[in-house]
Amino acid sequence: MTYHILDAAGLREWLAQQPDLPERLGGEAADWTIREVSDGNLNTVFLVTGPTGALCCKQALPHVRVAPDWPMPLERALYESRYMQTVAPAVPGLLPELFAYDADLFLIVMECLTAHEVLRSALIADRAVPGFSAVIGTYVAKTVQATGWVNQPFETGARLLEQFSGNTALTRITVDLILTDPYRVCGRNPAPEAGLCEDVKALQNDQTLHLAVGRLQERFLTARQALLHGDLHTGSIMLDGSDVRVIDGEFATMGPVGFDCGLYLGNLALHLCAAPHKAAMLRDEMQAFWQSFSKELRSSLSKEGGDLWALSGPAARQDLIETFLNGILRDTAGFCGLEMIRRTVGFAQVADYGLCNTDAARLLARQKALQIGRTLVVQGTPLRSFADILSLMGL
Ligand code: SR1
Ligand code: MG
């Protein structure tokens, strides 16, 4: 079948012709309810419900869904399905199950997380059950163990580089939207609210900041430490009580581990700026993230398996581990800061600011995010522990 954009009728027809999928739904094609629930910036998503089961169907469009005049290659669906297949064995139960991928329609069919809610929405509505960040910390560490150079033979990394380095269209989005646009005059940046104009100008003229952003650009594009999710914000995570799932791995690429950590923490920190009364809960979540991430990673890095560090005995290996973790800590702070800044002044802003009741409160929240973001990117003094990141956030 040649590529065409599916509507509910087209999807019903396609599903009915598939070998196993109709069985999951039960009944006849006419019995299935199909509902479009597209919510993200890029793709269309349908939930299909039948008498005995449900499916989530996600199709790539030839353009950005929320900006139809912005063309976008379809292959992102291929990379998302590849990411799911690559990391699923390492993080069982933490991703939706992948049922099918259609290479002509650029269509992913996966487990329907009917009872789950997007973490960002759950946070905004005060419905998120604390404890989710520890799961995400473990998730990131386990994906590093499965795809990084310390625990796997170098051939694994070489294969992953080959499989994901073609994901240039989405890497381009990251390079532009996170690492460049917020710091220059750019038509994609929405006009800032009146009170924020001076702050935006300051971002464009801040040479010290630009130098630090340059270091992070270099880290993102040249440090191929492990396979990243690449867009691990609170909109890419779903919760049902303590059942936590990571979705939307279409930005997957080999990169610095601190990128995934930083994006996740940056979105919690943005929520904090918009809802400062939740500081204690968010501080606990951030700490739980880092604790579970670093504990799991230390434990896997202590084991041999890759070609890296193979010559070092236990004591020397501990030194290597701590140096490696300190590098991740530094990157985490930097990417966290970049995420806070781009989600405040760039193309893809966050709904969390809607929690502010007045224009003045929202302006203050945005200014706070920019100030913390800058501090995390520039990092005046060397960071030694996660407590240093919390302290740069004023926590
Ligand atoms: C054009 S895509 C804009 C943003 O949405 C995605 O979720 C990524 O975060 C990307 O930067
Ligand atoms: Mg997404």
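Residues numbered from 1 in each chain as written. Chains lettered and ligands numbered in written order. Predicted model: local features only at pLDDT ≥ 70, side-chain atom pairs only at ≥ 80, totals over all residues. Heavy atoms only, no water.

- Going by an unreviewed UniProt entry, the chain carries the name S-methyl-5-thioribose kinase and comes from Gluconobacter albidus.
- Its UniProt record, at the heading Sequence similarities (unreviewed entry), says of the chain: "Belongs to the methylthioribose kinase family."
- One UniProt comment on the chain, placed under Subunit (unreviewed entry), says "Homodimer." (UniProt positions renumbered as here; feature names shortened; annotations may be inferred.)

## Regarding the nonpolar core
- Judged by nonpolar contacts, the single largest core of 66 residues is most densely connected at Val140, Tyr264 and Phe293.
- The element best represented in this core is helix α10 (residues 257-274), accounting for ten residues.
- Counting residues domain by domain, this core receives three or more from each of domain 1 (8-111) and domain 2 (117-392).
- Here Val140 is in contact with Leu232, Val257, Asp260, Cys261, Phe289 and Phe293, once residues within four sequence places are set aside.
- Within the second largest apolar cluster, 22 residues are counted, among which are Leu216, Ile341, Val345 and Val377. (Core = buried A, V, L, I, M, F, W, Y, C linked by side-chain atoms within 4.5 Å. Buried < 20%, exposed > 50% of the residue type's maximum accessible area, 1.4 Å probe, protein only. Helix = DSSP H or I, 4+ residues; strand = E, 2+ residues; numbered from the N terminus. Domains from an automatic or database assignment. Contact = heavy atoms within 4.5 Å.)

## Regarding the domain arrangement of the chain
- Looking at the chain, the domain boundaries give domain 1 (8-111) and domain 2 (117-392).
- Averaged C-alpha coordinates put domain 1 and domain 2 at centres separated by 27 Å.
- For the pair domain 1 and domain 2, the summed buried area comes to about 2,200 Å², and 68% of that belongs to carbon and sulfur atoms.
- In this assembly, domain 1 and domain 2 are joined by three salt bridges.
- The residue Glu111 makes a salt bridge to Arg245 at a minimum N-O spacing of 3.1 Å.
- Connecting domain 1 to domain 2 are nine residue pairs in polar contact (both at pLDDT 80 or more).
- Going through the elements one at a time, β5 (67-71) and α3 (76-87) are the ones with two or more residues in the side of domain 1 that touches domain 2.
- The dominant element in the side of domain 1 that touches domain 2, judged by the number of residues it contributes, is α3, at seven residues. (Buried area = accessible area lost by both parts, 1.4 Å probe. Salt bridge = Lys/Arg side-chain N within 4 Å of Asp/Glu carboxyl O. Polar contact = N/O pair within 3.5 Å; in protein donor to acceptor, adjacent residues only side chain to side chain.)

## Observations concerning the site of ligand 1
- Near ligand 1 you find Asn41, Leu42, Trp70, Ile173, Leu177, Asp231, His233, Phe251, Arg342, Arg343, Phe347 and Ala348, and these make up its full shell.
- At 2.8 Å, a side-chain N or O of Arg342 approaches an oxygen atom of ligand 1.
- Its free accessible area being 320 Å², ligand 1 has 94% of it covered by the protein chains.
- Mapping ligand 1 onto the cavity grids shows that it belongs to the largest pocket.
- Those elements that place two or more of their residues in the shell around ligand 1 are α7 (168-177) and α12 (314-345).
- Each residue belonging to the shell around ligand 1 can be placed in one class, and the counts come to seven nonpolar, two polar and three charged.
- The residue makeup of the shell around ligand 1 includes at least three contributed by each of domain 1 (8-111) and domain 2 (117-392). (Near = heavy atom within 4 Å. Areas by Shrake-Rupley, 256 points an atom, 1.4 Å probe, with all protein chains shown as cover. 1 Å grid on protein atoms, 1.4 Å probe; cavity = no way out; pocket = protein on both sides within 12 Å on 5 of 7 lines; lining within 4 Å. Sits in = over half its atoms within 2 Å of the grid points. Nonpolar A, V, L, I, M, F, W, Y, C, P; charged D, E, K, R; others polar.)

## Examining α10
- Taking 1.5 Å of rise per residue, the 18 residues of α10 would be expected to cover 26 Å, and the 27 Å separating its terminal C-alpha atoms lies within 8% of that figure.
- Across the 18 residues that make up α10, a large majority, 18, are buried. (Expected span 1.5 Å × (residues − 1).)

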